[in-house]
Amino acid sequence: MGEVEGARTFGVAGETYDSFMGRYSLPLAELFADAVGVAPGDTAVDVGCGPGALTAVLVDRLGAPCVYACDPSPPFCDECAARYPGVVVKRGQAEAIPFETNTADHAMAQLVLHFVSEPDTAAQEMARVVRPGGKVAACVWDFDDGMEMLRAFWDAALSIDPEAPDEARTLRFGRPGEIAEVFATARLELIRESTLAVASSYSSFDELWNSFLAGVGPAGSYCTSLDDPDRDRLRVALLERLGAPSGSFTLGAVAHCAVGRVPG
Ligand SMILES: C[S@@+](CC[C@H](N)C(=O)[O-])C[C@H]1O[C@@H](n2cnc3c(N)ncnc32)[C@H](O)[C@@H]1O
């Protein structure tokens with residue numbers, strides 16, 4: 001399998017991801033599993049597992065032998081497998097999920113669909129690995145203003161560079177109805193939408209700023225692509241956007257979620 005475009009900025013260590021995004025995706029995973037109704041006795045596939053934020057919640061609720069996971073990023077697959085022994089972790093992408101037809105009761109993609117090149121194919125693949133009557137689910141941040149960390153970053157970036165690749169402009173699925181539309185095309189039934197809200201606290205502005213310097217995701221990648229003077233200007237602009245906090249602060253994050261049922 002060659003390099004997958006959407007995974008290009010995710011070739012980092014699990015800990016590095018956690019300090020940037022895992023701090024939000026772990027609490028999000030609890031709410032996402034609740035939205036799907038994941039319950040003991042179920043089996044589930046975590047599509048685009050990363051280092052395993054959702055995998056952790058699935059293992060906790062279902063037990064490792066009932067959990068399957070895949071991701072195109074080699075370091076994330078290694079990390080997920082190391083963190084959760086007993087989970088079947090395979091390298092693979094959502095457009096060609098490396099599991100058999102009818103593998104599980106649920107297929108779940110947390111913060112993944114916006115990185116997938118062929119989302120319609122991904123939704124069909126998620127439906128394929130789920131038994132008839134099972135559930136397919138996805139959630140993606142609200143990039144317009146629900147995900148404060150990324151919104152503040154991109155607003156700061158746009159203030160110094162009007163061409164900055166704001167994820168609200170470059171990525172799909174950050175608005176209500178967009179995931180449901182793709183699910184309907186994949187012939188899923190009884191599609192329900194909801195919003196999931198979490199938060200993360202930082203001990204200082206530097207803790208937040210350093211998380212961008214690791215180059216994770218589109219924001220980190222943009223940050224590290226700048227030359228030193230522009231990166232300094234971005235740092236000052238971001239500090240101002242956040243009201244120049246002198247100590248700890250908390251940022252909220254809202255995701256749009258859709259859950260559909262596989263016919264049968
Ligand atoms: C923001 S991370 C989310 C990781 C994890 N699900 C979480 O909630 O923390 C996005 C993930 O999508 C993966 N990804 C990118 N393109 C993908 C694709 N085409 N199919 C499946 N996963 C993909 C990346 O490698 C990365 O692990």
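Computed from a predicted model, the values in this text were never measured in an experiment. (Residues numbered from 1 in each chain as written. Predicted model: local features only at pLDDT ≥ 70, side-chain atom pairs only at ≥ 80, totals over all residues.)

Participant: Explain the overall build of the protein residue by residue, including any values.
Facilitator: Per the secondary structure count, the protein includes ten helices and seven strands. Over its C-alpha trace the protein gives a radius of gyration of 18 Å, about what one expects of a compact globule, namely 18 Å for 264 residues. Along the three orthogonal principal directions, the C-alpha set of the protein runs to about 55 × 35 × 35 Å. Going through the 264 residues of the protein one by one, you find that 47% of them count as buried. If you take every contact in the protein between residues at least 6 apart in sequence, the share linking residues at least 24 apart comes to 74%. (Helix = DSSP H or I, 4+ residues; strand = E, 2+ residues; numbered from the N terminus. Rg over C-alpha atoms; globule rule 2.2 N^0.38 Å. Buried ≥ 20, exposed ≤ 12 C-beta atoms within 10 Å, placed from the backbone. Contact = placed C-beta atoms within 7 Å.)

Participant: Give a detailed account of helix α8 (residues 205-213), specifying residues and quantitative values.
Facilitator: Leu208, Ser211 and Phe212 are the residues of α8 that are buried. All buried residues of α8 lie within an arc of 100 degrees about the axis, which places them on one face of the element. The inward-facing, buried residues of α8 contact α1 (14-36), α5 (148-160), β6 (189-202) and α9 (217-225). In the stretch just after α8, Gly215 is the one whose phi turns positive, near 80 degrees. (Arc of directions from axis to C-beta.)

Participant: Can you tell me about the nonpolar core, naming the residues and giving the values?
Facilitator: Soluble globular proteins: nonpolar side chains tend toward being buried together. Phe32, Val47, Met126, Val136, Ala137 and Phe153 are the most contacted members of the largest nonpolar core, which has 88 residues in total. Phe32 has contacts with Leu54, Met108, Gln110, Ala137, Cys139, Leu196 and Cys257, leaving out every residue within four places of it along the chain. (Core = buried A, V, L, I, M, F, W, Y, C linked by C-beta atoms within 7 Å.)

Participant: How would you summarise the site of the ligand if you had to cite specific residues and measurements?
Facilitator: Within the structure, the ligand sits among 25 residues, and Gly6, Ala7, Ser25, Gly48 and Gly50 are positioned closest to it. Mapped onto the shell around the ligand, the elements with two or more residues apiece are α1 and α2 (53-62). Sorting elements by how many residues they give to the shell around the ligand places α1 first, with three residues. Here the shell around the ligand is built from residues that sort into 15 nonpolar, eight polar and two charged. (Near = placed C-beta within 6 Å. Nonpolar A, V, L, I, M, F, W, Y, C, P; charged D, E, K, R; others polar.)

Participant: Go over the sheet that holds strand β7 (residues 249-261), please, and point to the residues and values.
Facilitator: The strand order across the open sheet formed by seven strands is β3-β2-β1-β4-β5-β7-β6, and the pairing between neighbours is mixed. In this open sheet, the two strands that pair with only one neighbour each are β3 (88-91) and β6. Strand-to-strand twist in this sheet, taken as the mean axis angle between neighbours without regard to direction, amounts to 20 degrees. When strand β2 (residues 67-71) meets β3, the two strands line up parallel, connected through four bridges. (Pairing = 2+ DSSP bridges. Axes fitted to C-alpha atoms, helices over the stretch in contact; angles between N-to-C directions.)

Participant: Give a description of the pairing of strand β5 (residues 130-141) that names residues and reports values.
Facilitator: Where burial is concerned, most of β5 is hidden: nine out of the twelve residues are buried. Pairing analysis gives six bridges linking strand β4 (residues 104-110) to β5, with the strands arranged parallel. Paired with Ala107 across the strands is Val136, a residue of β5. In this fold, the crossover linking β4 to β5 by way of helix α4 (residues 119-128) has right-handed handedness. Taken together, the seven bridges between β5 and β7 define a ladder with antiparallel strand orientation. Each bridged residue has a counterpart across the sheet, and for Lys135 the counterpart in β7 is Arg261. (Right-handed = clockwise from strand over helix to strand, strands pointing away.)

Participant: Please give an account of unusual backbone geometry that cites residues and values.
Facilitator: Located in the positive-phi region is Phe173, a residue other than glycine, with phi close to 80 degrees. Here Phe173 shows up in the loop between α6 (167-170) and α7 (178-185). The buried category is assigned to Phe173, around which 25 C-beta atoms lie within 10 Å.

Participant: Break down the packing of α1 against α2 for me, with residues and values.
Facilitator: Running from N to C, α1 and α2 point in directions that differ by 40 degrees, and their axes come no closer than 8 Å. Comparing the axis directions of α1 and α2 gives the class oblique. In this structure, the crossing between α1 and α2 has a hand that is right-handed. When α1 is examined against α2, the residues Gly22, Ser25, Leu26, Ala29, Glu30, Phe32 and Ala33 are found in contact with a partner set consisting of Ala53, Leu54, Ala56, Val57, Leu58 and Arg61. Tallied by class, residues from the contact of α1 with α2 come to nine nonpolar, two polar and two charged. (Parallel < 35°, antiparallel > 145°, perpendicular 65-115°, else oblique. Left-handed = near helix turned anticlockwise from the far one by under 90°.)

Participant: Mind laying out the environment of Ser159, listing which residues take part and the relevant values?
Facilitator: Residue position: Ser159 is located in helix α5. Through-space distance from the C-alpha of Ser159 to that of Val259 is 37 Å; in sequence the pair is 100 residues apart.

This is a description of form; function is not addressed.
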